[in-house]
Structures are given as C-alpha cells and as structure tokens.
Amino acid sequence: MAWYILHLLNLLWAVAGTSTQTQGSCYLTIGQLALTVMALTSSCRDPGNKVSILHRQMENWAPSSPNAQSSTFYGPSLAVLALCQKNPETTLPIAVRFAKILLANSSPFNMDTGAMVTLALTCMYNKIPVGSEEGYRSLFGQVLEDVAENISMRIKDNGIIGDIYSTGLAMQALSVTPKHPPKKWNCKKTMDTILKEIELGKFHNPMSIAQILPSLKGKTYLDVPHVSCIPGHEGQPTLPNQTNPAPTSASNITVIYTINNQLRGVELHFNETIDVSVKAGSVLLAVLEEAQRRSSMFKFETTMTSWGLVVSSINNIAENVHHRTYWQFLSGKTPLDEGVADYIPFNHEHITANFTRY
C-alpha cells in the first residue's frame, strides 16, 4: 500500500473519531460516516453496511434553509464522494439532487466546502453511467465551473489558496476539476510555498495533514479506491508514530488575554483582560484554562470538530449559526490561523477572543 494512502487512512480514521468496534454508525454525522467509508476502503477493508446507511442518510438529507451557510454542504460533499467511489450508478440521483441544491443556494462557499464539492462532483462527472442523460454532465459541469472560478479567485501571489490550511484541499480540487477556471494556477509556486510552511511546522493538525499529504504525492482523495490491495495483507489502521522529545524544564511566560463582546443585540457586553502565566511552549488552550481557573468571567466551553477543538462559548455567550456569530481569536489585530489546541503563544503576546459575526 502506498505510504501516502496509509497516512491518509490513519488521519481520516483519527479525524472521524470512530471505531467499528466502539461506536455505531448511527452516532456519526454524514461527514464522519463518509470519512469512515473512505478510510476502510483505502485500507482494503469492507465497509459493510456503512455504505447503505450513508446512502439512506443522503437520500433524506436537505439543508436547513434555502440559503444555508456553506459549511452545511461540507459533510454531504464528502458523502457524495464516498458513495460515488463505491457505486456511481446508485449515487447518480443523490448527486443530481445535491448539485441542484448547490445551484439554488446563494451563500458563497468557503474554501474547504468548495474544494470538497469539486472533488465530489468531479467524481460523478467522470463516472456518469453510459446511457444517462447528457443533461447530468451539463449540470455537474455548471456547478464545477462556478466553484472552480470561486476557488481560483482566492489564489494569492505566493501560491497560497485562501489560507495556508485551506490550500491542501484547494490543490486537490484544482488538479482534478474538468472545468478549469479563467485564472491560471501556478501549481509549482503553491507547492514551493507549502514545503516552506511545512519546514516551519505549520502542519501538525491531523486534518490539515490529511488534506495536504495527497497533493505532495501528486494524488487526491479521488485515488482512495485505487489502492492496490495484496491478498492476505490488509492494511491495519495505526496512528503514525510520533517521536516525542525528552521533557525539558520550561520557564513560564505571561500571556495577556482579553475577552470582548460588543455586538448589538447580544446581552452582557464586556471587555475583560487578565494576565496569565503558563509554561513556555504551552498551547493557547492552557491559557484559557488558567484564566478560567482564576476567574469565572473567563469560563469557556469547547466543541470538537474535524479540525480539533473550537471554543463555542465564553462567559456564557455562545456561538449561534442562525445569528452567524462565533468567537474569533486574534494575536494583536491579526486573526489566528490555528485553533486553541494548536496555537502556541509567545511571551507577552496579547490574545483577544472577540465575539463577532461572519
């Protein structure tokens, strides 16, 4: 088994947060179930009834509103991709309905969702069963053209697409889409920048690694079903070995931490600051935990996502998808591009958690 597929399996398995022995499919979201099917497929394992369960869930799936936020479509895109790889003929009606919903939705896609839509519908575009209506190809092509153009408009001069962590999926999408956008993409420039960022240690979150790793081998998630399986040698999912350095004594640093809520229509406005002392090298989550220990004003709650822990509530003010509000973390005035469980603050850094709208 190619090493990049094995790593993809390990990372997808970890991100899905599931084991067939410890958790039933009914407890997984559509996206997690799709990841599990892809992980099992890439390890030459039989996904069993998970494919049929995923198929039924997608038959019954519908967005919560006509103008649902773009993240709503990420999991279903994963599902269309996983189902397309198993049986494109039975997936066709689901993919057609999904594409029509996408065309009717006026909310712009974020980078990850747009890239996953591209991968899913490219799979269907390439595998439309013989004898099917030509209109299907036109339908998928229209969505792919719109999304590819949207992705290409996010290409920066240094090759990064969106931000550093959205670039992995975007690279996969732009490398396979049959509808090339008008803005030319310099793949080499993107790859050179990514390799430099890897040297700087940017990619240590499991999902970010899983998304960038295939492109480094010239592959995409579309290659998951093409793994060469050797009879009698199933790939056993094991997490990548990590060599942990020997513990060393670390001095303390001070982080200035502010929580701020000034949004209109939201009760309990506040702007509170506290100086927090933590061990050098600690992640931001340790700062939040120490602040919470010292003052109830800094009480917070987190939600586990495929990208790791996300702070969902601070001082009893919780994010709300209907109001499009969330907690944004900034270093000075610069938004952080890593989560609280990954970002490592430096001495005397001013971190602000700002309740804001998107």
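Predicted model, so just to flag it, every value in this text is computed and none were measured.

1. Remarks on unusual backbone geometry
Look at Asn315: it is not a glycine, yet its phi comes out positive at around 50 degrees. For Asn315, the position within the fold is in the loop between strand E4 (308–314) and strand E5 (317–318). A relative accessible area of 6% means that Asn315 is categorised as buried. Although it is not a glycine, His348 adopts a positive phi angle of roughly 65 degrees. With respect to the helices, strands and loops of the structure, His348 is situated in the loop between strand E7 (334–335) and strand E8 (350–357). For His348, a relative accessible area of 55% corresponds to the exposed category.

2. Structural notes on the UniProt feature "binding site: cyanocob(III)alamin" (unreviewed entry) in the protein
Look at the UniProt record and you will see "binding site: cyanocob(III)alamin" (unreviewed entry) annotated at Asp112, Asp163, Gln211, Leu336 and Tyr358. A distance of 2.9 Å separates a polar side-chain atom of Asp163 from the backbone nitrogen of Ser166. Locating Leu336 in the fold gives a position in the loop between E7 and E8. Judged by relative accessible area, which is 18%, Leu336 ranks as buried. Discounting residues that sit within four places of it in the chain, Leu336 has contacts with Leu284, Phe329, Leu330, Ser331, Tyr343 and Ile351.

3. Remarks on the environment of Val80
Along the chain, the position of Val80 falls in helix H4 (residues 74–86). Given the relative accessible area of 0%, Val80 is considered buried. Discounting residues that sit within four places of it in the chain, Val80 has contacts with Met58, Thr91, Ile94, Ala95, Phe98, Ala120 and Met124.

4. Comments concerning the side chain of Gln211
Note that Gln211 resides in helix H10 (residues 206–216). A polar contact is formed between the side chain of Gln211 and the side chain of Tyr74, at a distance of 3.4 Å.

5. Let's talk about the packing of aromatic side chains
Taken as a whole and judged by the stated rule, the model has 6 aromatic pairs. With a centroid separation of 6.0 Å and 75 degrees between ring planes, the pair formed by Trp61 and Phe73 is classed as edge-to-face. Pair noted here: Trp61 is in the loop between helix H3 (50–60) and H4 and Phe73 is in the loop between H3 and H4, with a separation of 12 residues, a long-range link. With centroids separated by 6.4 Å and ring planes inclined at 25 degrees, the aromatic side chains of Phe270 and Trp327 adopt a geometry described as stacked. Taken as a pair, Phe270 in strand E2 (residues 270–279) and Trp327 in strand E6 (residues 325–331) lie far apart in primary sequence, 57 residues in all. The exposure class of Trp327 is buried, given its relative accessible area of 5%. Ring pairing ties together the aromatic residues Trp61, Phe73 and Phe98, which thus form one cluster. The aromatic ring of Tyr125 is capped on one face by Arg137, whose charged end is 4.8 Å from the ring centroid.

6. Let's talk about the nonpolar core
Counting 68 residues, the largest nonpolar core has Leu54, Leu81, Phe140, Ile151 and Ile161 as its most contacted members. The element contributing the most residues to this core is helix H6 (residues 111–126), with 10 residues. Dropping the residues within four chain positions of it, Ile151 is found in contact with Met111, Gly114, Ala115, Thr118, Ile161, Ala170, Ala173 and Leu174. Val255, Tyr257, Leu288 and Trp327 belong to the second largest nonpolar core, which has 28 residues in total.

7. So, the pattern of salt bridges
Scanning all chains against the criterion turns up 3 salt bridges. Residue Glu290 is joined to Arg293 by a salt bridge in which the shortest nitrogen-to-oxygen separation is 2.6 Å. Here Arg293 and Glu290 lie together in helix H11 (residues 284–294), a separation of 3 residues that amounts to about one turn.

The rules behind the values
Residues numbered from 1 in each chain as written. Predicted model: local features only at pLDDT ≥ 70, side-chain atom pairs only at ≥ 80, totals over all residues. Heavy atoms only, no water. Helix = DSSP H or I, 4+ residues; strand = E, 2+ residues; numbered from the N terminus. Buried < 20%, exposed > 50% of the residue type's maximum accessible area, 1.4 Å probe, protein only. UniProt positions renumbered as here; feature names shortened; annotations may be inferred. Polar contact = N/O pair within 3.5 Å; in protein donor to acceptor, adjacent residues only side chain to side chain. Contact = heavy atoms within 4.5 Å. Phe/Tyr/Trp six-rings, centres within 6.5 Å; stacked < 30°, edge-to-face > 60°. Lys NZ or Arg CZ within 6 Å of the ring centre and 35° of its normal. Core = buried A, V, L, I, M, F, W, Y, C linked by side-chain atoms within 4.5 Å. Salt bridge = Lys/Arg side-chain N within 4 Å of Asp/Glu carboxyl O.

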